[in-house]
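For reference, the chains in residue letters:
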Amino acid sequence: ILNVEQSPQSLHVQEGDSTNFTCSFPSSNFYALHWYRWETAKSPEALFVMTLNGDEKKKGRISATLNTKEGYSYLYIKGSQPEDSATYLCAPFYSNYQLIWGAGTKLIIKP
Amino acid sequence: GAGVSQSPSNKVTEKGKDVELRCDPISGHTALYWYRQSLGQGLEFLIYFQGNSAPDKSGLPSDRFSAERTGGSVSTLTIQRTQQEDSAVYLCASSLNNSPLHFGNGTRLTVT
């Protein structure tokens with residue numbers, strides 16, 4: 001059974017502060033890593049797909065890095081804003097077409 | 001269409017009735033997933049279709065649940081003899097190979 005761990009489970013951050021959280025996953029047969037943002041009462045929305053070791057992707061104030069050898073990825077948010085409040089999900093995709101979801105990190109931005 | 005379309009958006013049904021939920025994926029997407037989100041919970045995997053391969057049904061919670069995907073496009077999730085614990089938002093997503101999943105807006109199912 002493939003286990004994907006995201007930490008922390010939840011996080012309260014003051015508006016304007018920067019933050020980061022982690023996704024750990026089994027690296028055997030790894031193919032790609034997906035990050036999604038899931039706002040309350042909406043559907044998950046893709047942020048990044050990363051495949052190569054050392055990949056770094058950026059979208060506005062949000063960026064992510066990937067280490068495929070040790071099986072982890074970090075998501076960074078710079079200068080948090082209230083609209084960043086959401087649950088952030090990671091999901092590694094494996095060569096047998098399995099997509100395994102983490103339980104998510106719930107981020108709450110305090111104004 | 002531009003995105004994944006799900007219908008109906010809301011469904012209220014009586015306990016014991018059968019329901020059908022429909023998903024119209026993005027044209028050309030070979031992979032189609034069904035998930036559900038019960039109140040306060042995360043994403044629960046139900047079933048996955050990939051091209052012409054046999055579907056991965058490992059997430060279906062009971063034999064009251066079934067799904068099909070006709071012609072590699074539209075998918076229908078059927079729940080027979082609905083129970084109150086089936087109340088949830090049912091999400092469909094499609095993708096091409098390892099590209100990001102595109103989710104529909106979901107069907108909110110309420111079993112009374």
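For the structure, see preceding data.
We now examine the overall build of chain B. Helix and strand content of chain B: 0 helices and 10 strands. For chain B, the sequential pattern of α-helices and β-strands runs β-β-β-β-β-β-β-β-β-β. The globule rule puts the C-alpha radius of gyration for 112 residues at 13 Å, and the 13 Å found for chain B is close to it. Along the first, second and third principal axes, the C-alpha atoms of chain B reach 40 × 25 × 25 Å. Of all 112 residues assigned to chain B, the portion counted as buried reaches 46%. Long-range pairs, those at least 24 residues apart, make up 54% of the contacts in chain B with a sequence separation of at least 6. When the 10 basic and 10 acidic side-chain charges of chain B are each reduced to a single mean position, those positions are 3 Å apart.

A few words now on empty space enclosed by the protein. All names here are of chain A. One pass over the full model with this rule turns up 1 cavity of 30 Å³ or more. One number sums up the size of the largest cavity: a volume of about 30 Å³. In terms of lining residues, the largest cavity is bounded by Arg-37, Trp-38, Glu-39, Lys-42, Ser-43 and Glu-45. Its residues assigned to classes, the lining of the largest cavity comprises 1 nonpolar, 1 polar and 4 charged.

Calculation criteria
Residues numbered from 1 in each chain as written. Chains lettered and ligands numbered in written order. Predicted model: local features only at pLDDT ≥ 70, side-chain atom pairs only at ≥ 80, totals over all residues. Heavy atoms only, no water. Helix = DSSP H or I, 4+ residues; strand = E, 2+ residues; numbered from the N terminus. Rg over C-alpha atoms; globule rule 2.2 N^0.38 Å. Buried < 20%, exposed > 50% of the residue type's maximum accessible area, 1.4 Å probe, protein only. Contact = heavy atoms within 4.5 Å. Lys, Arg positive; Asp, Glu negative; His and termini not counted. Charge placed at Lys NZ, Arg CZ, Asp CG, Glu CD. 1 Å grid on protein atoms, 1.4 Å probe; cavity = no way out; pocket = protein on both sides within 12 Å on 5 of 7 lines; lining within 4 Å. Points joined across faces, edges and corners; volume = space filled by probe spheres on them. Nonpolar A, V, L, I, M, F, W, Y, C, P; charged D, E, K, R; others polar.

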